[in-house]
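If you want the building blocks of each chain, they are given just below.
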Amino acid sequence: MLAQKMALSYGSRIVVQFFQILTTIIIARIVGPSVLGTVAYGLAFGSLFKMIAELGVGTAHMKLLSEGRDAKACLGTYARIKVSLIGTYFVFAMGAFFVQKYLFKYKFESREFQYVIIVSIFILTIEYFWTIPKVTFAAYTEQAKQDIPNLIYQVLYQILRLTVVLLGYRALAMAFSNLTAVVIVTFLYFYLFKNYQIGKFDRQLAKLYFSMSVPIVIMMLAQSLVYQSDIVLLQFLTNSEQVGYYTAGFRIGGYVKLIGQSVGILFFPIFSKAISENNLGLINEKIGKFERFSVSFILPLVLVTSIGSDFIIKLLLGKKYLPSIPILSIINLTMFIYVLFIPYGNILSGKGLFKLLAKIYSFQLFSFVGIAYFLVAPKMLNLGSVGIACSLLLANIILGAMFFYFAKANFRELKLFPSGSKFLYGCIAGLSGYLIYIYFVHSMLGKFILLALFVILYWGIAYLFSIINKDDWKMVFDVLNLKKMNKYIKSEITLKNKSTDKK
């Protein structure tokens, strides 16, 4: 059922991304980049303190459950720790806002800008309560219970925020529409969680959680800052308009990152269990299949989006978003690199090498900030939103190289990048397509035809020269098998008292 779990995870995220892109296009045309930037900044500000709400205990909880620890005791301890941490997060995030406003006398762009930040903190506070059931579901690789509520939330939020914008409201109303959707879906998450037995607080188990969480906190803090500080840093060095351009390009091009999120959630408990059983063959098998699928079928879509970024931006967002064109191209490639490397990071976390991962992510963070300042700061290269996108690309390349090195250093039998030849073919095909697109095609119709032909030729030539074979296509059809998917979802949603079964 792993294929169905991954298909559901990524498929639901693709549906979400589609709705996000569709509504973002409409909203961006109506309200402009400044409003988009305001909403994005509010969530980014609140997310800067997310490590307080997590403190690494979620990862520790997932690892302990996947290793077969007593579920009732773990849930009783984890839930109480989590509630305390979320309360602390709320106090700290609100305190940081008021200190910035009243103590440091920071001049926000508008009163509405401030209200958006406050509402965003409430949104994130409620969302963090979701992690109690979600992390438990993830530990047992119960993907349907994670993805279906999230799908409902995202669709509901996109409908609500589009409605308020069409009615003439702006950033604050969009934030409140998000809050409304979060509150509604909270009930669904805990409905699906109702059959899990929550035991009493175990002090010794709590000590184990926190002893594991110390390096995880550093790791998560660094990781969070890389993917949240991009907007905050860009706002600090430039303005909300640049943030709006960056957000628009990221929203359209960031769909590839969803695969990495799906893979990370699925592979961590699987690899943790496999490592505890000394089953490295299973790890090589899963990584090999995932890389084959990604390079054979995801990469050509990434290349098309990057090559035709000008066509996509002009068609979807209009001429006022022309600065988002290079951002879309760069972010696509950035997220694909992240996807390829994330399983090797899961190998390290599955073995419990959280101290090593803390060092790796910290190095990535410092690299990102240094590169970003050099590329974005007005006194340096002053590249604005393009500079922050390039910084993220370079930071992910650095991260991936470290994952490769340390995964191989700890697992000598690990097969690194088994689909390297397929990837090389993709690079050559992408470069060829880009040169033809830039120098020989100029009309919008011609660009559309070339982009469509690129995908067909990519798969056709690859099949002709056995770069992509029948087994690869069979894997795709298996992933898309609706009967198997329906059977999996029904079996998981109707399963009761999973925590009791796992004792």
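Predicted model only: the values in this text are computed from it and were never measured.

Tallied over the full model, the rule gives four cavities of 30 Å³ or more. Empty space within the second largest cavity amounts to approximately 40 Å³. If you go around the second largest cavity, the residues you meet are L36, V39, A40, R161, M174, T247 and R251. Mapped by element, the contributors of at least two residues to the lining of the second largest cavity are α2 (33–47) and α10 (240–253). The dominant element in the lining of the second largest cavity, judged by the number of residues it contributes, is α2, at three residues.

This part takes up the confidence of the model for the protein. In this model, the protein carries a mean pLDDT of 82, and residues with pLDDT of at least 70 account for 89%. Mean pLDDT values over the elements of the protein span from 44, in helix α21 (residues 498–501), up to 91, in helix α8 (residues 171–192). Note on residues 497–503: pLDDT under 50 across the span, and 19 contacts to partners over four residues away in sequence or across chains.

By secondary structure assignment, the location of N396 is in helix α16 (residues 384–410). Look at N396 and you get buried, because its relative accessible area is 2%. In this view, N396 contacts Y227, T334, M335, I337, Y338, F341 and Q364; residues no more than four positions away in its chain are not counted.

At a minimum axis separation of 9 Å, helix α6 (residues 111–139) and α8 run at an interaxial angle of 15°. In this view, α6 runs roughly parallel relative to α8, as classed from their interaxial angle. Here the hand of the crossing between α6 and α8 comes out left-handed. The residue inventory of the contact of α6 with α8, partitioned by class, reads 21 nonpolar, two polar and three charged.

Glancing now at the nonpolar core. Nonpolar side chains in soluble globular proteins tend to be buried together. Within the largest apolar cluster, 158 residues are counted, with the highest numbers of intra-cluster contacts made by Y89, Y209, Y246, I283, L392 and F403. The contact partners of Y209, leaving out residues within four places of it in the chain, are V57, A60, H61, L64, C74, T77, Y78 and I81.

On inspection of all chains with the given rule, the structure shows 29 aromatic pairs. Ring centres of F90 and F122 lie 5.0 Å apart, and the angle between their planes is 65°; on these two criteria the pair is classed as edge-to-face. Here F90 is found in helix α5 (residues 71–103), whereas its partner F122 is found in helix α6, with 32 residues between them in sequence. Classification of F122 by relative accessible area gives partly exposed; the value is 38%. Through successive ring pairs, a cluster of aromatic residues spans Y41, F45, F49, F92 and F113. Directly above the ring of Y102 sits K101, whose terminal nitrogen or CZ lies 5.2 Å from the centroid.

Here G56 shows up in the loop between α3 (50–54) and α4 (57–66). G56 sits in the buried class, given a relative accessible area of 0%. For the pair formed by G56 and S213, sequence separation is 157 residues and the distance between their alpha carbons is 4.4 Å. Dropping the residues within four chain positions of it, G56 is found in contact with S213, I216, V217 and M220.

This brings us to the pattern of salt bridges. Under the criterion given, the structure shown has two salt bridges. A salt bridge links E54 to K82, with the shortest nitrogen-to-oxygen separation between them at 2.9 Å. A residue pair is termed long-range when its members are at least 10 positions apart, and E54 in helix α3 and K82 in helix α5 qualify at 28 residues. Grouping residues by exposure puts E54 and K82 together as buried. With its nearest N and O atoms 2.6 Å apart, the salt bridge here joins D310 to K447. Here the residue D310 occupies a position in helix α13 (residues 309–316), and K447 occupies one in helix α18 (residues 444–464), the gap between them amounting to 137 residues. Residue D310 is classed as buried on the basis of its relative accessible area, which comes to 13%. Taking relative accessible area as the criterion, K447 reaches 9% and is therefore assigned buried.

The subject of this paragraph is the layout of surface pockets. For the second largest pocket, the calculated volume is near 450 Å³. When contributions to the lining of the second largest pocket are tallied by element, the ones reaching two or more residues are α12 (280–307), α14 (325–350), α16 and α17 (420–440). Tallying contributions element by element places α14 first for the lining of the second largest pocket, with eight residues. Broken down by class, the residue content of the lining of the second largest pocket amounts to 17 nonpolar, four polar and no charged.

What follows deals with α13. For α13, every residue scored as buried is listed here: S309, D310, F311, I312 and I313. Once α13 ends, the next one or two residues include G318, with phi positive near 95°.

Conventions and cut-offs
- Every chain begins its residue count from 1, and numbering advances along the sequence as written.
- Totals for whole chains, interfaces and linings use all residues, but because this is a predicted model, local features are given only for residues with pLDDT of at least 70 and pairs of side-chain atoms are given and counted only at 80 or more.
- Processing note: side-chain calculations cover all non-hydrogen atoms of the structure and skip hydrogens and water entirely.
- The distinction between a cavity and a pocket rests on a 1 Å grid over the protein atoms alone: a 1.4 Å probe fits inside a cavity but cannot get out, while a pocket stays open yet meets protein on both sides within 12 Å along at least five of seven lines, and a residue with an atom within 4 Å of a point counts as lining.
- Grid points are joined across faces, edges and corners, and a volume is the space filled by probe spheres set on the points.
- Under the scheme used here, helices are H or I runs from DSSP no shorter than 4 residues and strands are E runs no shorter than 2 residues, and both carry numbers assigned from the N terminus.
- Per-residue confidence from the predictor is reported as pLDDT, a score between 0 and 100.
- The contact definition used throughout considers only heavy atoms, calling two residues in contact when any of these lie within 4.5 Å.
- Exposure categories follow from relative accessible area, calculated using a 1.4 Å probe and restricted to protein chains: below 20% of the type maximum is buried, above 50% is exposed, and the middle band is partly exposed.
- Angles here are taken between N-to-C directions and fall from 0 to 180 degrees, while the axes themselves are lines fitted to C-alpha atoms, restricted in helices to the stretch in contact.
- An angle below 35 degrees is read as roughly parallel, one above 145 as roughly antiparallel, one from 65 to 115 as roughly perpendicular, and any other as oblique.
- Put simply, a crossing is left-handed when the front helix is turned counterclockwise from the back one by less than a right angle, and right-handed when it is turned clockwise.
- In this classification, the charged set is Asp, Glu, Lys and Arg, the nonpolar set is Ala, Val, Leu, Ile, Met, Phe, Trp, Tyr, Cys and Pro, and all remaining amino acids, among them Gly, are polar.
- Nonpolar cores were defined as sets of buried Ala, Val, Leu, Ile, Met, Phe, Trp, Tyr and Cys residues, with membership established by side-chain atoms within 4.5 Å.
- Note on aromatic contacts: the rings of Phe and Tyr and the six-membered ring of Trp form a pair at centre separations within 6.5 Å, being stacked when their planes are under 30 degrees apart, edge-to-face when over 60 apart, and tilted otherwise.
- The criterion for a charge sitting over a ring is simple: Lys NZ or Arg CZ within 6 Å of the ring centre, and within 35 degrees of the ring normal.
- Every case where a carboxyl oxygen of Asp or Glu lies within 4 Å of a side-chain nitrogen of Lys or Arg is listed as a salt bridge.

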